[in-house]
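Reading the structure
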Amino acid sequence: MNAAWPATACVPEHDPVRHGGRRALGFLADLSQALAVSLDLRTTLEPALARILDFMQAEAASLFLLDETTNLLECRVCVGPVDIVGLKVAAGQGVVGRAVAQNAPQRIDDARNDARVNTRVDAETGFVTRAILCVPLATAQGPLGAIEIINRRDGGAFDEDAAEILRLIAAPMALAINNARLAAKLAEQQRIRREMALARSIQKSLLPRRRRGRFPLIGVNLPAHEISGDFYDYFELPDQRIAFFIGDISGKGLDAAFLMVRVASLLRFSGKDASTPAAWLSEVNRELCNTLQHGRFVCAVVGIYDRGTRCATLASAGFPPALRDDGIRFEELPADGPPLGILAEAEYGERQVDLADAALYLFSDGATDVREGARDRLGSDGLRGLIRRHAALAPEPRLRALIGELKRRKLVDDTTLLLLQEPRGSQVRELLALRFPAAPIRMRAVRAALRTALDAEDVAPELRDRLVLAVDEACTNIIRHAYRHQLGEDTCDETDSIALRVTRERDRLGFELRDEAPCVDAARIKPRDPSECRIGGLGLAFIDATMDAWYIEGLPGGCGNRLIMHKQLKAKTESDE
Amino acid sequence: MNENTCVSEVCGDYVLVRLSGEVDLSWSQQVRRAILDALGDGGRVGVDLSQVGYIDSSGIAALVEGLQNARSHNRKFVLVAVSDAAMAVLRLARLDRVFSIFSDLDAARSA
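Analysis parameters
Residues numbered from 1 in each chain as written. Chains lettered and ligands numbered in written order. Predicted model: local features only at pLDDT ≥ 70, side-chain atom pairs only at ≥ 80, totals over all residues. Helix = DSSP H or I, 4+ residues; strand = E, 2+ residues; numbered from the N terminus. Buried ≥ 20, exposed ≤ 12 C-beta atoms within 10 Å, placed from the backbone. Contact = placed C-beta atoms within 7 Å. Pairing = 2+ DSSP bridges. Axes fitted to C-alpha atoms, helices over the stretch in contact; angles between N-to-C directions. Right-handed = clockwise from strand over helix to strand, strands pointing away. pLDDT = per-residue confidence, 0-100. Arc of directions from axis to C-beta. Parallel < 35°, antiparallel > 145°, perpendicular 65-115°, else oblique. Left-handed = near helix turned anticlockwise from the far one by under 90°. Nonpolar A, V, L, I, M, F, W, Y, C, P; charged D, E, K, R; others polar. Core = buried A, V, L, I, M, F, W, Y, C linked by C-beta atoms within 7 Å. Expected span 1.5 Å × (residues − 1).

1. Here we look at the overall build of chain B
A count of helical and extended segments in chain B gives 4 helices and 5 strands. N-terminal to C-terminal, the α/β element order of chain B is β-β-α-β-α-β-α-β-α. Burial analysis of chain B (111 residues in total) assigns 47% to the buried set. Summarising the internal contacts of chain B: among those between residues at least 6 apart in sequence, 67% fall at separations of at least 24.

Written out as C-alpha cells, the structure reads:
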C-alpha cells in the first residue's frame, strides 16, 4: 500500500492519493485559486473542504480553528455524514488537539482500538471512525487549527503519502485563513477609525463656531485622543449679554464623550433662561445628580458677560481656577462649589470679574497637565509663563500660540481653553517708539521726546513729570545694572541699546522697555521702602510709587529683558496724589 | 531748557553750589564731587536748585550724600530756592522734611 510520493505515472487511476505528483499539484493549484476568490471564509472554506474530501477519497473531513484566548479548538466547517460544527476540544486533547499542540500530523490507523481517539462523537451518532489523518494548519506564528479527514472510502488506513499530501493542502488553507483574519482586523480597525472620526465630528459640531468680527470669546478644544470629554460653548441671551460655559467630564473615552454631549446640551438649554450663573449651575447640578452614573461628575464654569459694563459674572463647579490677567498680574479665581453631579443640594457662589482692561482665561486641567519632560507637569505657573510670553498678541493669535506651545509638549488629557477678552486691535495706540544707545548722555533727549508724547495726550504736567522720571529711572537702571555700565562713563558700546514703546489703550498708558542685556533675576528687583534714607533703590521706589503696576521678565534664550509698566490716567491718579 | 552747569561760589559764610539744567546720571557724579568739595572747605554749604528743571535719583543721591557728610562733621547743609520740579522729586522720595529747605540764603541764615 505504501508508494513513494511523488508517485510514478503507472499508479492506478482509481486511487487519487497515489495518482501522482502531477494530480496533487494540479489539485493544490485549484484549491489555492478557489481559496483566493474571496476573503470571506464562510464562502470559501466549505467548498474547499469538500474538494479535499473527494481528493483524499475520505468519508468525512473537518476543520478546527484555535481560539487563542481560551485555547480551545472549535470545528468551524465539516463535510460528511455527521455535522460536528461547533464541537470544541482543548488543545492537546484528542487527535485534533494533539496535532495542534505538537504542531505535527497525527495518523490513526485503527481508531477503534486507539486510546488517543475520543469516541464520544461516535457513541452519540453511531458513526464508526476507523482511520484518522489530521494535520495542523501551520503558520510561522504557530498552528491556527487543524484539518482532519476520517476513514478512507476503500476501508483502508491513510498512509504516509496521504499524510504528506494533506500537509501540503493545509498550507494554502492556513494562508487563506491568516489573510482573511488580517483583512478582518484591518477592516475592523478602519471601521473603528471611521466611527471615531464620526464621533469626533459630531462632538466638534457641538462646539460653537468661531465668530467673525469683534466677538470677545474664543475657545479651543484639543482631544488627547480622537474624542474628548471636554466642552465649551457660548451664545447670546435675549438682552445681548453673552452666556458661556466650559467643562470637563471625569474619566476618558467613549462614555465620557457621550456624557459630554449630554451635559453640553443640558448646560446650553438651562443657560438660556437662568437668572444668574449660580442658579444656572444649581439647576444643572440637580438634574445631573438625578441621572449621572455613580462615580461620574462634571467640572464646569458658567458665566454671563455684559459687553456694556465689560463685566463677567462667573460660577465655578470644581473647575480649575480661572485666571484674570490685567497684563501685569494674574488673579486666580477659585471654584465656588463642588463639581456637578455629586451633591444635589450643593450651593454655588458667584463672582464679578472686571474685564475692562483684563483678559479671562478658563482652561481644563489638561492644559496644566501637559508634560514638559518625562514627568514634569507644566502647571499653573508654566501656563502663566506661556500666557506672558504671548501677551503682546491679539486674542486669536495668542490662543493659537498657546495651543502651539501645549502641542509641542505632551498632551496627556483632553485640553480646552476659553479666552474672554474684548478685542483691542485699533484701540491700542502707539504714542512713542524709540530705540537709543544705552548711555546716560542720551537720556535727556529721551525724556524730551517722552514729555512731548505725554503732552500730546493731555497728561497733567505733575503726572507727566513723574512718568518721565519713572521711565528715566527704569532706563538708568538698565544702563547701570543690566548692561553694567560704570558711573561717569560717557562712552558706551553702541550695540547696547534700549527700546522704549509707549502705548495708550483707552485710559491706560503702557510703557515697555526692552534691552539685550543678560537676563536679570526678576525676583531680586524690589523697591526699597521710601522712608528709608539711603541711596540705593530709590529709582525703583519712584517707579513703584508712580506706576499702577510693573513687572520685569527675562526674554527667552537668556538674552534681553522686558519691563512693562502701566498707568491708569483717570481716577487712580487723583487718589494717588 | 538751561544748560547743565554746576558752579560753586562763596556767599559770605556759605559756599553756594548753583545747579542748573537736568541733573541726571550723565553728570550727577560731577554734582556729587562739587558738593563734597564745597563741604571739604569746612564751612556751611547751600545748594541752589532754582534752575533745576529735572533731577533723577542719582542727583537726589548726591544731595543725600552731601547731607550725610555734613551731619557727620556737624556742618550746616541747606537747599535753597528749590524749583517745583526738584521739589516734586524730593517729596516723592519723602526727603522734603529731611533736608533743610529755604527760599534763599538769608532765610537760611535767619532760621
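2. Focus on the overall build of chain A
The helix and strand tally for chain A stands at 14 helices and 21 strands. A burial count over chain A gives 38% of its 577 residues as buried. Put simply, of all contacts in chain A between residues at least 6 apart along the chain, 62% involve residues at least 24 apart.

3. Side note on the sheet that holds strand β21 (residues 559-568) of chain A
Residues and elements named next belong to chain A. Taken together, 5 strands build an open sheet; the order of strands is β17-β18-β19-β21-β20 and the sheet is antiparallel. Two strands bound the open sheet, and with one partner strand each, they are β17 (428-437) and β20 (549-554). Recorded for the sheet is a direction-independent mean angle of 15 degrees between the axes of neighbouring strands. Both β17 and strand β18 (residues 497-505) contribute to a ladder of 9 bridges, which runs antiparallel. Bridge pairing in β18 places leucine 434 opposite leucine 500. Sheet contacts for helix α11 (residues 443-455): β17 and β18; angle to β17, the most-contacted strand, approximately 170 degrees.

4. Details of the pairing of strand β2 (residues 14-23) of chain B
Residues and elements named next belong to chain B. Taking burial as the measure, the 10 residues of β2 include 7 buried ones, the bulk of the element. Here strand β1 (residues 5-11) runs beside β2; their pairing, made up of 7 bridges, is antiparallel. Of the residues in β2, the one forming a bridge with cysteine 11 is tyrosine 14. From the end of β1 to the start of β2, which pair antiparallel, there are 2 residues, and glycine 12 there has a positive phi angle of about 65 degrees. Where β2 lies against strand β3 (residues 44-55), 9 bridges are found, and the strand directions are parallel. Across the sheet, the residue bridging to glutamate 22 is tyrosine 54, located in β3. This β-α-β element, β2 to helix α1 (residues 28-40) to β3, shows right-handed connectivity.

5. A short note on the interface of chain B and chain A
Each partner contributes residues to the interface: chain B has 20 residues there, and chain A has 22 residues. Elements with a contribution of two residues or more to the side of chain B that touches chain A: α2 (57-72) and α3 (84-92) of chain B.

6. Let's talk about the sheet that holds strand β8 (residues 230-236) of chain A
Residue and element names in this part refer to chain A. The strand order across the open sheet formed by 5 strands is β8-β9-β10-β11-β14, and the pairing between neighbours is antiparallel. Since the sheet does not close on itself, it has two edges, and those belong to β8 and β14 (351-354), each with one partner. Averaged over all adjacent pairs, the angle separating strand axes in this sheet is 20 degrees, with direction ignored. In this sheet, strand β9 (residues 242-249) lies alongside β8 in antiparallel orientation, the contact comprising 7 bridges. Along β9, the bridge assignment pairs aspartate 233 with phenylalanine 245. Packing against the sheet, helix α7 (residues 277-291) makes contact with β10 (298-306) and β11 (311-317), and its axis sits at approximately 25 degrees to β11.

7. Digging into the confidence of the model for chain A
The predicted coordinates ought not to be read in detail in places where the model reports low pLDDT. All names here are of chain A. This prediction gives chain A a mean pLDDT of 85; 90% of its residues lie at or above 70. Here helix α14 (residues 572-576) is the element of chain A with the lowest mean pLDDT, 41, and strand β5 (residues 132-136) is the one with the highest, 96. In the model, residues 571-577 has pLDDT below 50 throughout and makes 2 contacts with residues more than four positions away in sequence or in other chains.

8. Examining helix α9 (residues 379-389) of chain A
Residue and element names in this part refer to chain A. Those residues of α9 that fall on the buried side of the exposure criterion are Leu383, Leu386 and Ile387. One side of α9 carries all its buried residues, which in axial view fall inside an arc of 100 degrees. Contacts from the buried residues of α9 go to β12 (322-325), β15 (359-363), α8 (366-369) and α10 (395-408).

9. So, unusual backbone geometry
Its identity is not glycine, yet arginine 310 of chain A carries a phi of approximately 55 degrees, on the positive side. Here arginine 310 of chain A shows up in the loop between β10 and β11. One non-glycine residue, alanine 81 of chain B, lies in positive phi territory at about 50 degrees. The topology assignment puts alanine 81 of chain B in the loop between β4 (77-80) and α3. Taking the number of C-beta atoms within 10 Å as the measure of exposure, alanine 81 of chain B has 19 and is therefore partly exposed.

10. Focus: the packing of helix α13 (residues 538-546) of chain A against α2 of chain B
Working note: a packed helix pair is described by the angle between its axes plus the distance between those axes. The interhelical angle for the contact between α13 of chain A and α2 of chain B, taken along N-to-C directions, is 125 degrees, at an axis separation of 9 Å. Here α13 of chain A lies oblique to α2 of chain B, going by the angle between them. Handedness of the α13 of chain A/α2 of chain B crossing: right-handed. Two secondary-structure elements touch here, α13 of chain A through Leu538, Gly539 and Phe542 of chain A and α2 of chain B through Ser57, Ile60 and Ala61 of chain B.

11. Section: the packing of helix α2 (residues 41-55) of chain A against helix α5 (residues 160-206) of chain A
Residue and element names in this part refer to chain A. It is at 11 Å that the axes of α2 and α5 come closest, and there the two elements cross at 175 degrees. As the angle between them shows, α2 and α5 are arranged roughly antiparallel. Residues Leu41, Thr44, Ala48 and Ile52 of α2 form the contact with α5, whose own contacting residues are Ile169, Met173, Ala176, Ile177 and Ala180. Split into classes, the residues belonging to the contact of α2 with α5 amount to 8 nonpolar, 1 polar and no charged.

12. Some points on the nonpolar core
The biggest cluster of nonpolar side chains holds 72 residues, and the ones touching the most others in it are Ala470, Val471 and Ile478 of chain A together with Val17, Ile35 and Ile60 of chain B. In terms of residue count, the dominant contributor to this core is helix α12 (residues 461-482) of chain A (10 residues). Ranked by size, the runner-up nonpolar core spans 61 residues in total, among them Ala257, Ala278, Tyr348 and Leu362 of chain A.

13. Description of the confidence of the model for chain B
Put simply, chain B has an average pLDDT of 93, and 99% of its residues get 70 or more. Overall fold confidence (pTM) sits at 0.56, and the ipTM for the predicted complex is 0.92.

14. A word on α7 of chain A
Residue and element names in this part refer to chain A. With 15 residues, α7 should reach 21 Å at 1.5 Å per residue; the first-to-last C-alpha distance of 21 Å fits that figure. By the burial criterion, the buried members of α7 are Pro277, Ala278, Trp280, Leu281, Ser282, Val284, Asn285 and Leu288. For α7, the elements touching its buried residues are α6 (254-271), β10 and β11.

15. Some remarks on the environment of glutamine 33 of chain A
Inspection of the secondary structure assignment puts glutamine 33 of chain A in helix α1 (residues 21-36). Distance from glutamine 33 of chain A to proline 172 of chain A, taken between C-alpha atoms, is 9.3 Å for residues 139 residues apart in sequence.

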